[in-house]
Structure formats: C-alpha cells, structure tokens
Amino acid sequence: MKILQPSWVHHDEKSIFSIDIHPSGERFATGGQGCDSGRVVIWNMAPVLSDEAEANQNVPRILCQMDNHLACVNCVRWSANGLMLASGGDDKLVMIWKKTVGGSGGIGAFGSSGKSVEHWRCINTLRGHAGDVLDLAWSPQDRWIASCSVDNTIIIWDAQHFPKIVHVLKGHTGLVKGVTWDPVGKFVASQSDDRSLKVWKTTDWSCFKTITEPFEECGGTTHILRLSWSPDGQYLVSAHAMNGGGPTAQIIERDGWKCDKDFVGHRKAVTCVRFHNSILKRMAPKTNKLQQYCCLAVGARDRSLSIWLTALQRPLVVIHDLFQDSILDLSWSHDGYTLLACSGDGHIACLQFTAQELGTPLSEEDKNILYQRMYGKNANFDLAVQAEKEMIVENSDFLNVSKSNPVPPTLAPQQPQGAKKDETKTSNYAAIPGTIQSQNAVPIKSSSSVHTPILKQIETKTADGKRRITPIFIPLNDDNGPASGATNFSPTIQFGSKSSESMPSVDCKPLVSDDSSQLTVTSTLETIEPTCKLDNRLKKMPVTVAPLKAEPMTVQTEQSVTATVSLAPTPSQKLVERTRLPTYATGKATVIQGSSFKAFGEVRVQIQNNSVKTSYGTLCRVAGLTVNAQRTEKKIWETVVGSPVVCFAVSAKYAIVCSQDYTIRLLDIKTGTPIFPVISLSSPAVQSAFSSNCQLVAVVTESGMLRIWNVADKAVYLSTNCSDIMSGSFVTVLHLSDQGMPFIVLANGSSYCYCRKLESWMLINSSDPIMRHGLIGNKANTPVRNMKVYPLSTIQSYGNFSGPKTNSFAELHSATWQTPAAISFIENQIKICEMISSPVELKYWYSMLGFQLALNGSEDKIRQVLDELLGATQSLDARMSDDTDPSVLGISKHVFMEDVLNHLKMQTKWQRIYTEYLDQLKFLKERDVTDKALLE
C-alpha cells in the first residue's frame, strides 16, 4: 500500500468537503469553498499516481475549475456513465455539469481566473430545496439522482428529464445529511440528525423502514453523515452511530434489517463510509477456499481512516492522523485499487492498494449469477421498467398498451384463424412458410398449412390464492409432415453429405426448388398419402404405398421429412427410369448416372447419359417430354450431346445442359433448338440456375468461376470468380434473382451475394457470432423459402450454424452486449435488402429495427433512426428539395417510419418521442396533400 498526499491539490487553503473519482479513472472532482463562492475543480489523476507525470510540466493538473455556486459546495458525484457531474451546495442548488467541445488552453470557464484544459458547462440547475444541499447520490443506471438537505427532505430528480422532480421524500424531523441507493434499485436510504435512518421504497417512494436504536445516543456533531450500501446489496452501513457510549459505523443487514453488528475503533464520530465498487474474491489464507466479500473505507472526526473487509473481523488497515481535520468524503476508483480521501483542512490523500492486499473484483458474469441467485435479476437491470409503471400516460395512443411480453414482427403473413381452407387454391399456400409455390402447380396438403386450434386454457384460483390450470387434450397432427410450430432454423439436409449415407433405400428424391416460379422434380411420383397417421413427435417409419395421379405439384422444402417408400407402378402409368442427382460431396463435377429429369409446368427435360453407342463414342440423349390427359408421355423433341452431362437446369423457356468436357448448351425447352452456340469454359460446371423471369442464366464451375449471361441479348452479364471466398469449401446452392444478383451457399454454411455496383461479394451468412446471434434472436417463425419474395431469408435459411438454446425471445437480449449486436445485425440486413432489391424483407427488417429499439434502444439511437426516415424536413423551406419524399425500393421512408413508431407505441417510456415524431409525420402528410391539390 502507498499513501500519497499531493500538496498541489487544494482550494486556495479553503476546506474540501467532497471528492469523487471519474468512472474512467482519468480524472477526479473536488468540491468545497472557493475564494468568494463555492468551487468545483476537475483534476487530472495522472500526476497524482505517477511521479513522472507530476514532474512533467506538459501534463496538466487542473482540467477545469467551475465557480458557479454562490456558496460552499458540499458534495460532488459523477454519474455511472461518466458523462455528467452533479454538485450541491449551501446555495440550495444542485448543478448538473457536462463536458462541451472547446479548444484546450482557453480562458477559465464559469468565472475562474485560470485556464481550462477541458470545458464543462452547467446544463441544468435543479431548484427545489429550501436549505443547504449536503449530499447527492446517482441511482443505478443513472435513472434518478437523489439530493438531501437541511430542509429535512430528500428530492428524487428525473435524470433523463431534468429538472423534473419525481418525488419529495418527507419524514425526517432533522437535517438530512446523507443519502445512498440500494444497488438492486429497490430502496434508497437516508440518515438524519433526528437520530434515525430511513429506508424508502422506489416503487411508490413510501417509507419502508425507520431505524433508530443505534442512533439514540448520537448528537449532531458532524457536518455530514455519508452512509453507503454494499455492492451486493446485503449490507447498509451508516455513518455516526453509538454502541456502549463509543462511536461506531452501524451494519444494517438487508435480511430483516437487523442491527447487531458494527465497525468499532474510531475515537470520534464517523462522518463518511464508502464501499468498494465491486464484490471482491480471493483464496482464504488458511482454508485455501474461494472467498467472496466486500470492502469499505470509514472516515471519522478523529482524522483517522480504516479499511475493512467483510470477510475479516478486524480492520485491514488503520491510518491515524492522516489529516489535520475531520475526514469528510471518500471515493474508490473504478478498478478498485485507488482510494481518495478529503478533509476539512483543505487537503486530499491517495491510497494505492494491490490485488494481493484487497483481492480481485468479481467478473460481470459472476456478478450477474450472484444477483440472479439473490434477487432474481441480473446486475444490469433497468430501473426505467419500474419507472414506466409509475409513468403518467400523456398520449391517448398509450392507454391500451399491452403489459404482456412484446411480440416481434413476422416475415411471412400468417393465415388468419377461422379462414376457409381450400386445398385447390394456390393462394392459400403462398404465404405459408416452408412451402414453395409454382405458377402451374397444384398444391398438396402440408402440415405447415394446418393449424390445430388450441382452446384458451382454463385457469382457476384456490382459496390460498394459488393458480391452477386445467390441462387440455391436444390431438395428434393429421399428417406425417413437420409440426406446424416447428422453428428449426437449420435445414435438415447437411451440406456435403453423401446421398448413399443419408437415404440408403430411396429410389427417387425430390429436388428442392426455392423459386416460387420454378418447379423441379426427379420423379413421376408427386404425392404420397400415408396409410396411417402419426404425430410429428414420433419417428417416421418406412411405408409402402401406391403412386397417385401424377400432376404438377408444390415441392416440399428441405424442412420436410422425407419418408422411405417402396414404389409400385400402376398399369396405366408409363415407368420412367430415374436416379438421384449427385450431391457434389467433393465439389467436383460428377456424371449423372442412369436417367434423370427435371420439369417445369407440363414440359420435362430428361437426361440419359451413355445411352447411344456409336463408333465415334458414347452419346448422351437429351429429350423434351410432355404428359397428356391420359397420363402418357409424349416426346416433343430430342437431341444428343457428345459428353456426359454433369448438371442441368430448366425454366419456363429454356434448359441449360452442362457436360463433363467443360461445354455448356442452352436449349429452347419446347423445341430443343440451341439458343447459344456451344460454349466451352475452363472447367466443368457444378451448379446452374435460371432467374425466375428466364432472362438470365448462371453457372459455377469447379474452379470457382461464376458466369451469368443475358439470354435475350446473347451477351455476358457478369463474369467473376468466387474462389477467393470459397476458402477450401465448395458451392452447394446457386440462385439467381431477376435483378441479376447471384447467391451462392457453400458447404461450410456460409453464403454470399455478388453486387455489381460494389464489385464485391456481400456476406449473407457465416459463423460470425454477431450474425449467428442475429439470425437466431430475430427469428420469429419458420424460415421462409421463396427466392422471388424473400431472397435474403431463403439464402440465410441454408446456414447450418447453431446457437445457444434459449427459452424466450427476451432471454436472448438479457446481456448488455446483445442489444448493440442485434441492432448492428438488423441494420446490416436492411442494407443487404436495399442492395438485392427485396422490398418485402426491407419493410420487415425496418419493423424489426423498431421492435428492437422500442425494447432495448437508447433515445439517441431512436432519434437518429427517425430523423433519417423523416428525410430532408428539418427546415420548412426544404420543400423544393429533391429529397422531400425520399423512398427506398419504391417504398416511402415514411412507411418505414410508421412501422418504427408503431413499435415505440408499445412502450410507455417512449411516448414523448412517439408524439413528437408522429406530429411531424402528420404535418408532412398534410403538407403533401395541400401541395398536390395546388398543383392539380
């Protein structure tokens, strides 16, 4: 331990009544008497702690001096975030100071004669006390600030809306000389000359407990009575108390408010007590077991200072005659190893400790666990939640705000309850997550479209007030599909898995089609009706069924569970040899074995490798087929290819056939005639795809080359390489939007989209923790697979990255890092939607941003977002600006603003911001209507 007493810290030989260290530890503030007024000085901590800095004339000592108080300053306290400094004095005022931008070395601010390195401005003056202000205390999270005075009252000020008074606590009959907050936020305590200590509830500001016994022998001999609450909330230690005629610091236990322990040893009245900011831990010297304890410093009128650990029965350190006068205030640094003390003699002392002497602070995680165990909440609880319950509703829109947990927005519109279910209409299935709709498809019954209604639970209360819920029977689902409430975000098909391992006994396999305008199948069997009904929670067993009538259908997504079946053809049905397409488990082009086909509407393209033997070599047969009303196939065209086909794709107009010899053929799907001449690439293609409007076609080769052609113009649209982002992986999925944006999914789960404007790959999904947390935390329903309407959601749903298991949406946002992480993720999603031209998803993510800001956002961030969406309307003269009605992807920004405001409306704490921006939005709309009428 070191003891330092910098002589240059003084108030011109006047008393220093208060001292407080900034949370950053870089500066500290003192308050006391000035030459002809009260004085607040902000000092540099570096010269106090370092001899080199003290000797260096270029290192400033005084950062700022403020002489605004008209009388002596009795207390200075920094806010927990370090942005504000509060000071209270004999002039009955509380001043709130905030740092402002200004050049260094300017003239001393606020009436001081010296020069200031920093500039601090009084942003609020709080008037409410009728006498001297003696002590101040900020609440946890800086929600409120309490001040006590010789007028026998404590005033609770709203720190978010200065100078608003939340409540005036009345009950003391003497001068109130000390105030402190419960770190859990449930109580605030005060100590007075009326020989009592009172504990007040923060819910209704009523007096919860009055303690008098330890103070019955006390007299009003101290200028202040600074009491303190332990960081774990279990102990409240008072200033001046008496035990057997001797001065003590009384220990009051939270459990039962017992007063059977105290700190003894000081010869005169205890003036101030200050707990260390953190809960400490160390290994016990004798038992070698981990101890958790608190540390506090006690100062008294006998000019001595003592340091105590709750794990020890005796003081750790006692320092006598540290000053020439009473010790009036104490302050610990945020790291916990520096203690500052000030005295009425006008000097300060600095005590430096080591981790071996005091112990090490408990981590935030361990502190949260401790708080959760003791109080059922973590250390980062929000007092504003309780304040919101007491808030007066100022806007009628908030009268019906639901008190239940907020529900995040959903991407796909949900089918309303009681709606008529018509299985012959495709419109009923277009909005159902987990299904793909084809323009020419006849939908099949899907478990994701059947919602078993759940009746409202029956709740009763017993005589002792306990709730009893009557269980109800939930019937099994009527099909073998996935459960309607399934929310598994990762696809069930693992990238890179071999088909022989995943489905050993399957003879045919539907290919997944994620484009609402395209249908791709590999079998003439479209619908299988199970012979028995199984609940989704039961394991599916192989079933043997006969194929039904073959018609175009809606293909199941990868979220579906594929049953193992044995196929039995009917006499009227012509069998077509079929094999599964290779899965490219190694990222290499693999020859299609046997026969395979893909269909779009009524036309099917069939591939038969090695089907024609000639003296020149083996040929591959490519044919176009249709199925008539009699369910017989009719060949409409046929051609041959000189090299085995490794992959192919079909659309409403064209088919692309990629061969092993690096060549590509683009054919008319109805006639088989070539659209392009045969094109040769540098390596064989492994993936091919069309845009839904059939204007563009894309291929990805083994070497990672990506080529996109405009079919109508017969010209290349994009030529780039994705080998740089593959990083040892390979492409498993290729999609192409109508806007020409290629999306690729790699075997490792990462996905990308190439932007021609940026000439770069945009990251869509990866193992990045921010992206994983965002995708899981903002997932409100089953992932939607529809490339035409929801391209971003579709591609991100292919990711196979897992996250932590959580019980609720709110639980995902309980840690302090998760709110900025979630907002960062959502803002990135918005920018991606803008680049890939996805207006539906853009609107969804703006709504999700509003939900997140309403739940966990700050006022500054909310205003920033709303100002951006409001557009160039800061001046009424901006009507002629080109950005008076800004829009994104054809949607006015004011539409997004309305979504954000609708979420703010669900939280009463944002009612003033909501009212402010809603009025501006209404004004703009009315102005636009007036301008439009004048133009007409």
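Residues numbered from 1 in each chain as written. Predicted model: local features only at pLDDT ≥ 70, side-chain atom pairs only at ≥ 80, totals over all residues. Heavy atoms only, no water.

## Remarks on the overall build of the chain
So, point 1. From N to C terminus, the chain includes 14 helices and 55 strands.
So, point 2. Looking at the 936 residues of the chain, the share that counts as buried comes to 53%.
So, point 3. Sequence separation of at least 24 residues holds for 54% of the intrachain contacts in the chain that already meet a minimum separation of 6.
So, point 4. Total accessible area on the chain is roughly 42,900 Å²; 51% of this is exposed by carbon and sulfur atoms. (Helix = DSSP H or I, 4+ residues; strand = E, 2+ residues; numbered from the N terminus. Buried < 20%, exposed > 50% of the residue type's maximum accessible area, 1.4 Å probe, protein only. Contact = heavy atoms within 4.5 Å. Areas by Shrake-Rupley, 256 points an atom, 1.4 Å probe, with all protein chains shown as cover.)

## Brief notes about the sheet that holds strand β15 (residues 165-170)
So, point 1. In spatial order, the strands read β12-β13-β14-β15; together these four strands make up an open sheet with antiparallel pairing. Two strands bound the open sheet, and with one partner strand each, they are β12 (133-138) and β15. In this sheet, adjacent strand axes meet at a mean angle of 20 degrees when their direction is disregarded.
So, point 2. The sheet contact formed by strand β13 (residues 144-149) and strand β14 (residues 153-158) spans five bridges and is antiparallel. Its bridge partner lying in β14, S147 is registered against I155. (Pairing = 2+ DSSP bridges. Axes fitted to C-alpha atoms, helices over the stretch in contact; angles between N-to-C directions.)

## Thoughts on the pattern of salt bridges
So, point 1. Counting across every chain of the model gives 25 salt bridges.
So, point 2. In this structure, R77 engages D329 in a salt bridge whose closest nitrogen and oxygen atoms are separated by 2.9 Å. Highlighted residues: R77 in strand β6 (residues 73-78) and D329 in strand β30 (residues 327-332), separated in sequence by 252 residues.
So, point 3. Note that K177 and D193 form a salt bridge whose closest N and O atoms lie 2.6 Å from each other. (Salt bridge = Lys/Arg side-chain N within 4 Å of Asp/Glu carboxyl O.)

## Section: the pairing of strand β28 (residues 305-309)
So, point 1. Among the five residues that make up β28, five are buried, leaving the element largely enclosed by the rest of the structure.
So, point 2. Covered by surrounding structure in β28 are L305, I307 and L309 together with S306 and W308, the residues of both alternating faces.
So, point 3. Pairing geometry for strand β27 (residues 295-300) and β28, over five bridges, is antiparallel. By the bridge assignment, A297 is partnered in β28 with I307.
So, point 4. Between β27 and β28, which pair antiparallel and follow one another directly, the connecting turn spans four residues, one of which, R303, has a positive phi of 70 degrees.
So, point 5. One ladder, built from three bridges, connects β28 with strand β29 (residues 317-319); its direction is antiparallel. Looking across to β29, one finds that S306 is bridged to V318.

From the geometry alone we can't say anything about function, so treat these as descriptive.
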